[in-house]
Amino acid sequence: MATWAVLLGLWIILSGKMDPFHLGVGVLAVIFINWQQTGLSPLRGEDEPGFQTIRLILYIPWLLWQMLLSSIYVAWIILRDPKGIDPRMISFSSRQPSLIHRVILANSITLTPGTLTVDLQEDRYLVHALTHRTAGEVLEGKLARKVARLSPKQPDATPVALETDSSEDMA
């Protein structure tokens, strides 16, 4: 109930309106958010180790920086060296502390331009990479290790390559 009050209070502060229409929309938004949150309970069910808050706070700007660097690289490849585009599918395994960590890793890979997580099954990831370099960066494992370090329980999350298909194999 406290969550509902905090969310509704935040809605009132951010909207700056106290008329019945805006309060009604706020109540509906709080109900929707609560409904969505209960739908995410499977992500929290498997002995969730949680996050170290300071590491999570530091991870977000680091990920934004990686996204910027990747954007510049992909734009450079497309504009200056289109022959450098060599799409490939890579498959790797990475031990993460929980399902939520695996989802964060998959989404972080997708948010980084030049890579797209196509499938996630247990600890196995299938990723489309635009170039040999972007594939190598995913397999290098810096991102996977950063995500694993968000948890107090930190397994060795270094990716283990399972298979790679280059553009010749995809044709």
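The rules behind these values
- Residues numbered from 1 in each chain as written.
- Predicted model: local features only at pLDDT ≥ 70, side-chain atom pairs only at ≥ 80, totals over all residues.
- Heavy atoms only, no water.
- Pairing = 2+ DSSP bridges.
- Helix = DSSP H or I, 4+ residues; strand = E, 2+ residues; numbered from the N terminus.
- Buried < 20%, exposed > 50% of the residue type's maximum accessible area, 1.4 Å probe, protein only.
- Polar contact = N/O pair within 3.5 Å; in protein donor to acceptor, adjacent residues only side chain to side chain.
- Core = buried A, V, L, I, M, F, W, Y, C linked by side-chain atoms within 4.5 Å.
- Contact = heavy atoms within 4.5 Å.
- Expected span 1.5 Å × (residues − 1).

**Student:** Can you explain the pairing of strand β2 (residues 115-121)? Please cite residues and give values.
**Tutor:** Across six bridges, β2 lies against strand β3 (residues 124-129) in antiparallel orientation. Bridged to Leu 120 within β3 is Tyr 125. In textbook terms, the turn of a hairpin is the stretch between consecutive antiparallel strands, and for β2 and β3 this stretch comprises two residues, one of which, Glu 122, has a positive phi near 55°.

**Student:** Report on the environment of Ala 29, specifying residues and quantitative values.
**Tutor:** Relative to the helices and strands, Ala 29 resides in helix α2 (residues 20-39). Owing to a relative accessible area of 21%, Ala 29 belongs among the partly exposed residues under this scheme.

**Student:** Tell me what's going on with the side chain of Ser 98, and back it up with residues and numbers.
**Tutor:** As for its position among the elements, Ser 98 is in the loop between β1 (88-93) and α4 (99-111). Accessibility expressed as a relative area gives 0% for Ser 98, which makes it buried. In this structure the side chain of Ser 98 is engaged in a polar contact, spanning 2.7 Å, whose partner is the side chain of His 101.

**Student:** Hey, could you go over the nonpolar core for me, with residue numbers and the actual values?
**Tutor:** One finds Tyr 59, Leu 105, Ile 109 and Leu 143 to be the most contacted residues of the largest nonpolar core, which totals 18 residues. Listing elements by their share of this core, those giving two or more residues are α3 (53-80), β1, α4, β3, α5 (132-140) and α6 (142-148). Broken down by element, this core gets its largest block of residues, four residues, from α3. Each residue touching Ile 109, except ones within four places of it in the same chain, is listed here: Phe 92, Thr 115, Leu 116, Thr 117, Val 127, Val 138 and Leu 143.

**Student:** Go over α4, please, and point to the residues and values.
**Tutor:** Residues spaced three or four apart along an α-helix point in a common direction, a consequence of the helix completing one turn every 3.6 residues. With 13 residues, α4 extends 18 Å between its outermost C-alpha atoms, agreeing within 8% with the 18 Å of an ideal straight helix rising 1.5 Å per residue. Taken together, the buried positions of α4 are occupied by Ile 100, His 101, Arg 102, Leu 105, Ala 106, Ser 108 and Ile 109. Residues of α4 that are buried sit in contact with α3, β1, β2, β3, α5 and α6.

Limitation: the analysis is restricted to geometry and does not speak to function.
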